[in-house]
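Here is what each chain is made of, one letter per residue.
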Amino acid sequence: MVRWSFHLSRRTSALVISAAALVIGIAIPTASFADNSSGCDFAATGTAQSCSQPLTGSTFAGGDGNLLTSPTTFGTTDWQNAPGQQPAPNAGFDKPSGTGDNSFGQGTKEDNAAVTVVSGSIPPNKSDLTRFYEASEIGSNGHNFLYLAWERNNVLGSANMDFEINQATTSGLGTPGAHTINRTAGDLLVTYDFTNGGGKPTLGLLFWVTSGSTSQCFSSNSLPCWGNHETLNGSDSIGAVNNLDGVTDPLFPNSPNYINPVPALQFGETAIDLTAAGVFPPGTCEAFGSAFIKSRASASFGAEVKDFIAPIPVNIANCGSIKIIKHTDPRGKDQVFSYTSNLPAEPAGTVGGVPQGGVACPGNNNAGVQANGSFCLNDTGNSNTDSAGNTVYNNALQAGTYTVTEGADPSGFTFESLNCTGGTTSKSGKTATITLAPGDNVVCTYVNKLNTATLSTSVSPGPVFPGATVNDTATVTGSNAAFTPGGSVTFFLCNPAQVQTNGGNCSSGGTNIGTGPLSGSGATATATSPDVNTSTSPLTPGLYCFRAVWPGDSNYPGILTEFGGATGANECFTVQVISTTTTTTPSPGSGKTVTFGIPVTDHAIIQAAQSGDGFPSGTVQFFICSPTQTVQGACPDGTGNSVGSPVTTVDAGGTPPSSSADSAQFTPDKTGTWCWRAVYTPGPPNGLNYTGSEDASSGECFIVIDTTSSSSVQDWLPNDTATVTSVGGAPLNGTLSAQLYMGDTCAAGSEVSGQFYSEPVSGGTSATLTTTNTKFKVTQNASVSWLVKFSSNDSNVTGSSHCESTDLVINN
Ligand SMILES: [Ca+2]
Ligand SMILES: [Ca+2]
């Protein structure tokens, strides 16, 4: 932006110039002094701009001595839009200049792996580093390009820098103390030497040598050493230092050591074709993961190194990696999935330090990628992480095109997704096509969903009467429309007691009532249970619940059980009690009369409102209300006297069924209106089906009446009057008596007890005796007789006796 403002001011009016200059002056006071408008800030000799075009296969302006993209005269990319994985470039920032800066101890040479880091100011004759930048890419020609830049805060006419690029990392190197730089054979050292006015930077490349002849060493005479030195030339490298002017640094303005613009001679850059330089021998894979920069005291390789900026992670590689991962959904299912690919075979053991992945395919002895590219994976046991079993990984793959295809879905699984990250990939169905470039790290993850199904059921909750057919419908809904759930659902029915035990459902127990076959289409199938509560096998009233069990099938493995749904009780129905009515009729007939003294009975009919399981069994207790007990012409509930014991009902047939009972006899003892009352109480064997009922209506009343007739009963009290008279007129002295006899002969032995009368006679010539019977009645036809006797006390006067009989005929 600053650069464009500058150009604008040069090409437009004075008015604009002053306005633009004012704006620039406020924002970045020195910006207008940075960057040549030509895009070149470097002169090999004098002040003649002599910048380099990008290397073949690269667009990076590593030879123009600045960081800005525009103008693109010397390359369409520069540090401002550095290539590689963003954010790019990688950057290292030194500790602030001064006493806190870190550097290598006195006498440290490049060949020393064991170093001592000290703290302190950098001597003015050595570069005091501030920043370095690193980027890399694969060029259009497939070559591996490396881009490096350094910045310093002192202006020395010359620059002597070394970029060390390691395969392994060295942690903590930036802190004071003893360290050993973790170097691996083949590590790189890029030397960067520049003398102002002396031409372009001199670039060298050395490799870390650990074996072989010491003649490989560049400076040292012992291994290990930096050796096999080669001087980079204009065909495999370019480089420039901003020796013409200050240049704009647009990178990391908020990070340490931000100097902008970077004054002349404080910025240097290079672009190197590592492939052309022979860093990556054909057919081998190398990867560099760490880089740092050092300042050397002089152009001599053996000179001591002083200031440095601690290592930063980088990624420079000629090979790529491909990792194929298997996930099941949900994770961790034990299932082998097979793959075909053109990945190279993995050797037994480990690949590049990574354990050989995958699992042995059926029929194979070894896991991993086989010679024909096939392999198998199993996600078993994994939850959030991956395992050797679900992963094949090859981190040393040459650039090229690789394809991986997952095989047919194993039973119970459906291919769900394939996703790849890193590199350039495309996918078609189960096939991943990976165009692998050096440095690509491609991860492709296959996800196969475990087919799942859900089971739901529905039943009308009722209530229903005993004998009203009920069944359960189970619906199995799968996750894959290609697979219709099959097989049969088994149904269980819990009776009211079991339902209670289970807390209101049929979660366990119950009776297996049979199966229903699933049928349907798509992912949905339904099954209907056998009927229950049929007319031939009615259920007694109460709460019943179903349970449905589906064992799964090959597409949907796993047993499904449903017994309540979300509510826990939606699988239940109620069989309700049947109501009854009791109607009674007194034996004389309702409202009819019966003569006083005639016993009566009551006849009760118990009628069920619905057909159920059998007739309304149980007992009927009869009551009767006397005329004084009836209330408004009936025998209301709670009144009257019980008549006999409860009477067991008998089946009276009919549809709906009925039963009957007859009371014991009862003889009213009053005239008037009497009323029966009958109370039905359900009892075995069918009583659970029925409600009790009572008849206490006026319809079971009757009237007791009586009639009158005239009649007489006569009786007779036998009495007699006896007289004794002296014939000659002599005074009589003695006793006169009368005795009643049954029969007309005054036969001895037939005397009637209590009917003897006597009186004394003294003096007169005559005496009379009258009986006074008031007790002995003759009520039937009979003959009685009185014996009258005078017993004289005078021997000169005779006694006498007389038997008088009476025959009675009594007609009442
Ligand atoms: Ca540049
Ligand atoms: Ca330092």
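Structure first, text after, so check above.
Because the structure is a prediction, the values reported are computed rather than measured. (Residues numbered from 1 in each chain as written. Chains lettered and ligands numbered in written order. Predicted model: local features only at pLDDT ≥ 70, side-chain atom pairs only at ≥ 80, totals over all residues. Heavy atoms only, no water.)

S.K.: Help me understand the state of the cysteines in this model?
M.R.: By definition, a disulfide links the sulfur atoms of two cysteine residues through a covalent bond. Evaluation of the coordinates by the stated rule reveals ten disulfides. A sulfur-sulfur distance of 1.8 Å marks the disulfide that ties Cys40 to Cys51. Between Cys40 and Cys51 the sulfur-sulfur dihedral comes to about 90°; the bridge is accordingly right-handed. With Cys40 in the loop between α2 (14-27) and β1 (90-93) and Cys51 in the loop between α2 and β1, this residue pair connects regions lying eleven residues apart in the sequence. As far as the burial class goes, Cys40 and Cys51 line up, both buried. Through a disulfide, Cys545 is tied to Cys572; the S-S separation comes to 1.8 Å. Across the S-S bond of Cys545 and Cys572 the torsion is about 100°, and the bridge reads as right-handed. On the criterion of sequence distance, the pair formed by Cys545 in strand β32 (residues 542-552) and Cys572 in strand β34 (residues 572-575) is long-range, its members being 27 residues apart. Each member of the pair Cys545 and Cys572 is classed as buried. (Disulfide = S-S within 2.5 Å. Helix = DSSP H or I, 4+ residues; strand = E, 2+ residues; numbered from the N terminus. Buried < 20%, exposed > 50% of the residue type's maximum accessible area, 1.4 Å probe, protein only.)

S.K.: Help me out: how do you make sense of the coordination of the calcium ion (ligand 2) in this one?
M.R.: Between any two of four tetrahedral donors, the ideal angle at the metal is 109.5 degrees; between two of six octahedral donors, it is 90 or 180 degrees. Every protein donor of the calcium ion (ligand 2) is listed here as Asp94 (OD), Asp94 (OD), Asp101 (OD), Asn102 (O), Asn102 (OD1), Asp307 (OD) and Phe308 (O), and their distances to the metal cover 2.1 to 2.5 Å. Each donor residue of the calcium ion (ligand 2) belongs to the same chain, with the gaps between them written as D-x6-D-N-x204-D-F. Of this pair, Asp94 sits in the loop between β1 and β2 (102-104) while Phe308 sits in strand β14 (residues 305-317); the two residues are 214 residues apart in sequence, bridging distant segments of the chain. The burial state of Asp94 is the same as that of Phe308; both residues are buried. (Donors = N, O, S within 2.8 Å, 3.2 Å for Na, K, Ca; no water.)

S.K.: How should I be thinking about the coordination of the calcium ion (ligand 1) in this particular structure?
M.R.: Ligation of the calcium ion (ligand 1) by protein atoms is provided by Ala61 (O), Asp64 (OD), Asn66 (O), Asp78 (OD), Asp78 (OD), Glu269 (OE) and Glu269 (OE), these donors lying 2.2 to 2.7 Å from the ion. Using a relative accessible area of 1% as the deciding quantity, one classes Asn66 as buried.

S.K.: Any chance you could explain the side chain of Ser58 here in plain terms?
M.R.: Mapped onto the elements, Ser58 comes out in the loop between α2 and β1. Of note is the side chain of Ser58, whose polar atom sits 3.0 Å from the backbone nitrogen of Phe60. Among the polar contacts made by the side chain of Ser58, one reaches the side chain of Tyr147 at a distance of 2.6 Å. Not counting the four nearest positions on each side in its chain, Ser58 is found in contact with Glu137, Phe145 and Tyr147. (Polar contact = N/O pair within 3.5 Å; in protein donor to acceptor, adjacent residues only side chain to side chain. Contact = heavy atoms within 4.5 Å.)

S.K.: How should I be thinking about the side chain of Glu304 in this particular structure?
M.R.: Within the secondary structure layout, Glu304 lies in the loop between β13 (287-296) and β14. Of note is the side chain of Glu304, whose polar atom sits 3.0 Å from the backbone nitrogen of Gly107. Beyond its immediate sequence surroundings of up to four residues, Glu304 is in contact with Gln106, Gly107, Thr108, Lys109, Lys126, Ser295, Arg296 and Ala297.

S.K.: Would you take a moment to explain the sheet that holds strand β5 (residues 144-152) for this structure?
M.R.: In a beta sheet, neighbouring strands pair by backbone hydrogen bonds and run either parallel or antiparallel. Strand order across the open sheet formed by five strands is β1-β4-β5-β12-β11, with antiparallel pairing between neighbours. Both outer strands of the open sheet, β1 and β11 (237-241), are each paired with one neighbouring strand and no more. Neighbour to neighbour, the strand axes of the sheet diverge by 10° on average, direction disregarded. Sheet analysis places β1 next to strand β4 (residues 129-138), joined by four bridges and oriented antiparallel. Its bridge partner lying in β4, Asn90 is registered against Glu134. (Pairing = 2+ DSSP bridges. Axes fitted to C-alpha atoms, helices over the stretch in contact; angles between N-to-C directions.)

S.K.: In this structure, what is going on with the pattern of salt bridges? I would like to understand it.
M.R.: Opposite charge on two side chains permits them to pair, given that their charged atoms come into close proximity. What the rule picks out here adds up to 15 salt bridges. Where Lys126 meets Glu304, a salt bridge forms, and the shortest distance between an N and an O atom there is 3.3 Å. With a gap of 178 residues between them, Lys126 in the loop between β3 (114-119) and β4 and Glu304 in the loop between β13 and β14 connect regions that are remote in the sequence. Taken individually, Lys126 and Glu304 each receive the classification buried, so the pair is uniform in this respect. Notably, a salt bridge pairs Lys326 with Glu406, separated by 2.6 Å at the nearest N-O pair. Separated by 80 residues along the polypeptide, Lys326 in strand β15 (residues 320-329) and Glu406 in strand β21 (residues 400-406) bring together distant segments of the chain. Each member of the pair Lys326 and Glu406 is classed as buried. Within the structure, one salt-bridge network assembled from shared partners comprises Glu110, Glu164, Arg183 and Lys294. (Salt bridge = Lys/Arg side-chain N within 4 Å of Asp/Glu carboxyl O.)

S.K.: Where do I start with the packing of aromatic side chains in this structure?
M.R.: What the rule picks out here adds up to 22 aromatic pairs. Taken together, a centroid distance of 5.2 Å and an interplanar angle of 80° make the contact between Phe337 and Phe413 edge-to-face. Of the two residues, Phe337 is situated in strand β16 (residues 336-341) and Phe413 in strand β22 (residues 413-421); the sequence distance between them amounts to 76 residues. The pair formed by Phe337 and Phe413 is uniform in burial state, with each residue classed as buried. Connected via pairs of aromatic rings, a cluster forms that spans Phe60, Trp79, Phe93, Tyr133, Phe145, Tyr147 and Phe252. Residue placement shows Arg183 over the ring face of Trp208; its charged tip is 4.7 Å from the ring centre. (Phe/Tyr/Trp six-rings, centres within 6.5 Å; stacked < 30°, edge-to-face > 60°. Lys NZ or Arg CZ within 6 Å of the ring centre and 35° of its normal.)

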